[in-house]
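Coordinate analysis (summary)
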Amino acid sequence: MGNVTGFLDVERQSRQKKEVQERTASFDEFMLPLPQHVLNAQAGRCMDCGVPYCHEGCPVHNVIPEFNDLIYQDDWRDALDVLHQTNNFPEFTGRICPAPCEAACTLNLIDSPVTIKDIECAIIDYGWQQKWIAPQPPNVTIHKHVAIIGSGPAGMACGQQLTRQGFHVTIYEKQAFCGGLLRYGIPDFKLDKKHIERRIEQMRAEGTEFKTQCHVGDDIPWREMEKRYDAIVFAMGAEVPRDLPIAGRHAQGIHFAMDFLTQQNKRVARETIHSAPLHAQGKHVIVIGGGDTGSDCIGTANRQGALSVTQLEILEKPPRHENKALEWPYWPTKLRSSTSHEEGASRLWAVSSQGFLLDDSKDHVVAIELCDVTWEKDSDHRRHMNIVGASKRILKADMVLLAMGFLHPTHTGLLTEARVSLDERGNIKANTTDYRSSQPHLFACGDARRGQSLVVWAIREGRQCADAVARHLMA
């Protein structure tokens, strides 16, 4: 604890953002880094608690008080080493993680947590700037071959860990470029894809092999995969989106959020788009779903020039402030507004979509019918939704984006051929002790195992899965 009174003397200061008009004119990142002397002072606010709740709040268990103290002492190189001990890709989490570590910070009891996320992002960005980050090829070679299906954060973390231990690792990606949802689902204004490319380049230099535009089960038979590799890791994510089977769902103009976001990311990267163009320019856009994916749709639609954007959430509006006595240091239930909300969007809470209205040709959506709902708990504390009578109303809709989350990985094809068991939610059944599926040489991590979750959880599971695979192969 370098600055004993830092949390008393220094007020919390976070990164600033470009003005709305400027940032919505492009898909560039818009967060403005803090000067190093400001970050030194912010790191000095860390109290080095006897029980560092931030460790428990962080899924990868970053050693937060230690790197805070090093930044306060202006020792950026050692802080980078400490950060890399637990997190393979801090430039990802430093940009798109919701920062559960800050929610768990003791100073969050007074709504002024240490700016952990900003400090983490600054450490890794400075490390790249100073060319401190280099490939770490293994010192030994272990003649065991591992295939990882999926190049998202779980697959990348798993692959990097195994390669550095000396295994021969090949990561398969069905898209043209690696990164999974980091590349195709997260808008560029939140995560510039150059950050992914730098890590892919580092991993290639370490010895990891990447095979893109290769759909395992289609482009390469599953039987051949089993013969070729000593272990295979499923890290393809939870790709099946939750649908909304109501009247008019078949109409044109209604799309899954990920199709919309993926197209825009390909457009920015100047990739070829083979499907019909999805664009919000000049349209009244309805986003169904109140999570991060819905927020990304809002930011993207605004940048494309939507006439209006309205976000619908079936749950009631959360309180503006959480109940600290009941919820701290856990992730709190409270109202959250993203930078995309700041850029312009109407938000409706506790509404249920009843049907889509079509134009005269019965081909394209023109409006959505809504009604209000209330939520009640029964004697078993289970929540039930009730529709409020005479509350139906209609909103104009030229484009509807379904952003209601993801169910599980795709079952047909690969998983069917692999004969792996699924859990009650449709994910690959495997525990967090050995990450092994019902087949002894097949493993699963990330969203394919736990269901849709955060990037930081994917990195944690990828690292732990790599350890489990190594123990299995060396037993």
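Details of the sheet that holds strand β4 (residues 168-172)
- Strand order in the open sheet formed by five strands is β5-β4-β3-β6-β18, with parallel pairing between adjacent strands. Looking at the sheet topology across the chains shown, the edges are occupied by β5 (209-211) and β18 (442-444). Neighbour to neighbour, the strand axes of the sheet diverge by 20° on average, direction disregarded.
- With four bridges connecting them, strand β3 (residues 145-149) and strand β6 (residues 231-234) associate as parallel partners.

A short note on the nonpolar core
- In terms of nonpolar packing, the biggest core is built from 71 residues, with Phe-67, Ile-123, Leu-162, Val-233 and Val-469 touching the most fellow members.
- Discounting chain neighbours no more than four positions away, the residues touching Val-469 are Val-146, Leu-162, Ala-231, Val-233 and Phe-443.
- Tyr-172, Tyr-229, Ala-418 and Ala-448 belong to the second largest nonpolar core, which has 20 residues in total.

Some thoughts on unusual backbone geometry
- With an omega of 5°, the peptide bond running from Trp-328 to Pro-329 counts as cis.
- When you line up the elements, Pro-329 lands in the loop between α16 (324-327) and α17 (339-342).
- In this model, His-61 sits at a positive phi of 55°, which is unusual for a non-glycine residue.
- On the secondary structure map, His-61 appears in the loop between α4 (53-57) and α5 (64-72).
- Judged by its relative accessible area of 32%, His-61 falls in the partly exposed class.
- Located in the positive-phi region is His-381, a residue other than glycine, with phi close to 65°.
- On the secondary structure map, His-381 appears in the loop between β13 (365-377) and β14 (383-387).

Examining the pattern of salt bridges
- Following the criterion strictly, the structure yields 29 salt bridges and no others.
- Here Glu-224 makes a salt bridge to Arg-228, at a shortest N to O gap of 2.2 Å. Of the two residues, Glu-224 and Arg-228 both sit in helix α13 (residues 222-228), four residues apart, roughly one turn of that helix.
- Judged by relative accessible area, which is 38%, Arg-228 ranks as partly exposed.

Regarding a nonpolar patch on the surface
- Residues Ile-314, Leu-315, Met-385 and Ile-387 make up a contiguous nonpolar surface patch of roughly 320 Å² in combined accessible area.
- With respect to the secondary-structure elements, Ile-387 resides in strand β14.

Things to note about the side chain of Thr-163
- Looking at the secondary structure, you find Thr-163 in helix α10 (residues 153-165).
- In terms of polar contacts, Thr-163 uses its side chain to reach the backbone carbonyl oxygen of Gly-159, at 2.9 Å.
- Leave out the neighbours within four places in its chain, and Thr-163 touches Pro-138, Val-169, Glu-206, Gly-207 and Thr-208.

The rules behind each value
All residue numbers here refer to positions counted from 1 along the written sequence of the relevant chain. Only residues with pLDDT of at least 70 are given local features in this predicted model, and only at 80 or more are side-chain atom pairs given and counted; all residues enter the totals for whole chains, interfaces and linings. Based on all heavy atoms of the structure, the side-chain values leave hydrogens and waters out of the count. For two strands to pair, DSSP has to find at least two bridges joining them. Secondary structure is summarised from DSSP: a helix means a run of H or I of at least four residues, a strand means a run of E of at least two, and numbering begins at the N terminus for each. Only the contacting stretch of a helix is used when fitting its axis, a line to C-alpha atoms as for every element, and angles between N-to-C directions run 0 to 180 degrees. Side-chain atoms within 4.5 Å link the members of a nonpolar core, which is a set of buried Ala, Val, Leu, Ile, Met, Phe, Trp, Tyr and Cys residues. Remark: exposure states derive from per-residue accessible area (1.4 Å probe, protein chains only) relative to the maximum for the residue type, with buried under 20%, exposed over 50%, and partly exposed in between. In what follows, residue pairs with any heavy atoms lying within 4.5 Å of each other are defined as contacts. Within this document, salt bridges are pairs made up of a side-chain nitrogen of Lys or Arg and a carboxyl oxygen of Asp or Glu, the two lying within 4 Å of each other. Like charges are joined within 9 Å and nonpolar side chains (Val, Leu, Ile, Met, Phe, Trp, Tyr) within 5 Å, but only among residues with over 30% relative accessible area and no salt bridge; these make up the patches. Only the protein chains shown count as cover for residues, and the accessible areas themselves come from Shrake-Rupley with a 1.4 Å probe. Polar contacts here mean pairs of N or O atoms no more than 3.5 Å apart (in protein, one a potential hydrogen donor and the other a potential acceptor; neighbouring residues in sequence count only if both atoms are side-chain atoms).

These figures capture arrangement, not role.
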